[in-house]
Amino acid sequence: MTADDGMGEVTDLLQQLIRNKCVNDGTVGSGHEVRSVETLSAYLAGPGVEIQRYEPAPGRGNLVMRIEGSDTSAPTLCYMGHIDVVPVDPAGWQRDPFAGDLVDGVVWGRGAIDMLCLTASMAVATKRLLGNGWRPRGTLIYLAVADEEALGTYGAQWLVDNEWDAVRCDMLITEFGGARLPIGSTPKLPIMVAEKGSHWTRLRVRGTPGHGSAPYKSDNAVVKLAEVVRRIAAYKPPTVMDDLWTGFIDGLDLPLAERTLLKTGPGLEVALGRMPVGIARLLHAATHTTFSPNVAQGGVKTNIIPDNADVAIDIRTLPGVNGEAVHAMLRDALGDLWSAVEVAEEGDNPASASPTDTDLWRALERVTDRLVPGAATVPMLLVGATDARFFRRKGVTAYGYGLFSDQIPFNEFGRMLHGNDERIDQASLRLMVDLWEGAARELLG
Ligand SMILES: [Zn+2]
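Our subject in this report is the structure included herewith. What you see is a predicted model; the values in this text were computed from it and never measured. (Residues numbered from 1 in each chain as written. Predicted model: local features only at pLDDT ≥ 70, side-chain atom pairs only at ≥ 80, totals over all residues. Heavy atoms only, no water.)

## Describing the overall build of the protein chain
Of regular secondary structure, the protein chain possesses 15 helices and 19 strands. In terms of overall size, the protein chain behaves like a compact globule, its C-alpha atoms giving a radius of gyration of 24 Å where 445 residues would be expected to give roughly 22 Å. The principal-axis extents of the C-alpha atoms in the protein chain amount to approximately 80 × 55 × 45 Å. Taken over 445 residues, the protein chain has a buried fraction of 52%. Total accessible area on the protein chain stands at roughly 19,000 Å², and carbon and sulfur atoms take up 51% of it. (Helix = DSSP H or I, 4+ residues; strand = E, 2+ residues; numbered from the N terminus. Rg over C-alpha atoms; globule rule 2.2 N^0.38 Å. Buried < 20%, exposed > 50% of the residue type's maximum accessible area, 1.4 Å probe, protein only. Areas by Shrake-Rupley, 256 points an atom, 1.4 Å probe, with all protein chains shown as cover.)

Now the structure itself:
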């Protein structure tokens, strides 16, 4: 351990990852994650350390490092961080998003929160364990992946599909969680145990072409589509309060009356109306399959009555909701118009969930309690998507977690995700290094 408790080391590594500028714009030619694979290899290298690299497409680098356990019957734990980041508009930033400036104990830059802080702190903890001559019973895998910010095609999904033996594990931790919820007097730290699925759908309506100069009684696809969009926007999907939701509400130790309110559909609706809209959106999305009509297209020329028009709907599904259930909800939303639409295209990426009655949960709870006395961990559903889904589908217990200081409360954390002025304080970085080291010792012996 260095004189500054390893804080300088994790800060330095994070700054290098930010400066590598592994921007993923969704095209295969972007990302260039090999740069950060190089940085991490150089950092982790040492006698007896074996590092595997995988490059499913030119520049799209992934890294796997293992500390082999002595007992093949003991569990394997994987720490997975992605090394790509989303694009920026520098005009909205107070600082150069790729300079990795350290100002008053805060590191600035794209990826500081999502999720290079975790990727860097996981590497530092792994190296610290190695340096201390740790000989665990179970195996620890450190995994740095490309392409999380698109679909994981050249990262986690590719590794799970093509190199399963290299990344096979029983437990996995990745983004997001551990930012303090602004509820109650003691810190409430969410562990993301599940994430919603997506069922992106493109609906098409047909009309009859004609001359735009004589629209009387015309069969106009754009006019029909407008009503389809209106009905989808007005649709109120059913409220679903499963064990995860009640576990989350119970974990917040709210006054009994409030807790009861949040555990019934009508009560939740009243409560959502009173909350700040940011948190209300999140809680609404956690209890509903949501429908957001986001792209509408139709017509080719101002003087032609259009004969077809499409709407692309971002549909996010709760655990257990399949394609059939989505169609049933769309039918409800559209009523008599359902027979007039065609499903032109639809994705199918189901939600994923892990149980909470696990050794992994208990270990994170114990280590958290040591590092943030008085804090409580609460199970939560992530309304977005992470690489954890590929592992959950293989039966791995996968959680999203981290440990943020009180300088990064949940609202601020949410605002910085893919936003401007992304930054993280060094106290959070230190908490994370200690968290990863402590959890690995607890779980792998
Ligand atoms: Zn991320």
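## What about the sheet that holds strand E4 (residues 102-103)?
Pairing between sheet strands relies on hydrogen bonds along the backbone, with the strands arranged either parallel or antiparallel. The sheet built from three strands is open, its strands ordered E4-E5-E19 with antiparallel pairing. Single-partner strands in this sheet number two, and they are E4 and strand E19 (423-425). Pairing of E4 with strand E5 (residues 106-108) involves two bridges; the strand directions are antiparallel. Each residue of the ladder has a partner; that of Leu102, found in E5, is Val107. The strands that helix H1 (residues 7-19) touches are E4, E5 and E19; relative to E5, the one it contacts most, it runs at about 15°. Seen against the sheet, helix H15 (residues 426-444) touches E4, E5 and E19 and runs at an angle of roughly 70° to E19. (Pairing = 2+ DSSP bridges. Contact = heavy atoms within 4.5 Å. Axes fitted to C-alpha atoms, helices over the stretch in contact; angles between N-to-C directions.)

## Considerations on the pairing of strand E17 (residues 376-382)
Where burial is concerned, most of E17 is hidden: six out of the seven residues are buried. Note: strand E8 (residues 188-195) against E17, seven bridges, orientation parallel. Across the sheet, the residue bridging to Leu189 is Thr377, located in E17.

## Focus: the packing of aromatic side chains
Following the criterion strictly, the structure yields nine aromatic pairs and no others. Plain terms: the ring middles of Trp361 and Tyr399 are 6.0 Å apart, the flat faces sit at 85° to each other, and that makes the pair edge-to-face. Taken together, the residues Trp361 in helix H12 (residues 359-371) and Tyr399 in strand E18 (residues 397-400) connect sequence positions 38 residues apart. For Trp361, a relative accessible area of 9% gives the class buried. An aromatic cluster is present here, built from Phe176, Phe404, Phe410 and Phe413 joined pairwise through their rings. Across from the ring centre of Trp108, 5.6 Å away, lies the NZ or CZ of Arg95, which sits over that ring. A cation over a ring is seen here: Lys394 above Trp164, with NZ or CZ 4.9 Å from the ring centre. (Phe/Tyr/Trp six-rings, centres within 6.5 Å; stacked < 30°, edge-to-face > 60°. Lys NZ or Arg CZ within 6 Å of the ring centre and 35° of its normal.)

## Observations regarding the coordination of the zinc ion
Distances from the zinc ion to its protein donors, namely His82 (NE2), Asp114 (OD), Glu175 (OE) and Glu175 (OE), fall within the range 1.8 to 2.7 Å. Read from N- to C-terminus, the donor residues coordinating the zinc ion fall into the pattern H-x31-D-x60-E. Here Glu175 lies in the loop between strand E7 (171-174) and E8 and His82 lies in strand E3 (residues 76-82), a separation of 93 residues in the sequence. Considered together, His82 and Glu175 belong to a single accessibility category, that of buried residues. (Donors = N, O, S within 2.8 Å, 3.2 Å for Na, K, Ca; no water.)

## Some remarks on the side chain of Thr139
Looking at the element boundaries, Thr139 is found in strand E6 (residues 139-145). With relative accessibility at 9%, the residue Thr139 sits in the buried group. Within the local environment of Thr139, its side chain forms a polar contact with the backbone nitrogen of Gly69, the two atoms lying 2.9 Å apart. Those residues in contact with Thr139, other than ones at most four positions away along the chain, are Arg66, Ile67, Glu68, Gly69, Pro75, Thr76, Leu77 and Leu444. (Polar contact = N/O pair within 3.5 Å; in protein donor to acceptor, adjacent residues only side chain to side chain.)

## A look at helix H7 (residues 243-251)
Taken as a whole, H7 has its buried residues at Leu244, Trp245, Phe248 and Ile249. Each buried residue of H7 sits inside an arc of 130° when the element is viewed along its axis, so together they form one side. Positive backbone phi, at 35°, marks Asp253, one or two positions downstream of H7. (Arc of directions from axis to C-beta.)

## Concerning the pattern of salt bridges
With the rule as written, the count across this model stands at 29 salt bridges. Here Arg60 and Asp147 are joined by a salt bridge, their closest N and O atoms 3.2 Å apart. Of this pair, Arg60 sits in the loop between strand E1 (51-54) and strand E2 (62-67) while Asp147 is found in the loop between E6 and helix H4 (156-162), placing the two residues 87 residues apart along the sequence. Of the two residues, Arg60 and Asp147, both sit in the buried class. Across the pair Arg66 and Glu68 runs a salt bridge, and its minimum N-O distance is 2.6 Å. We classify Arg66 as partly exposed; its relative accessible area is 28%. (Salt bridge = Lys/Arg side-chain N within 4 Å of Asp/Glu carboxyl O.)

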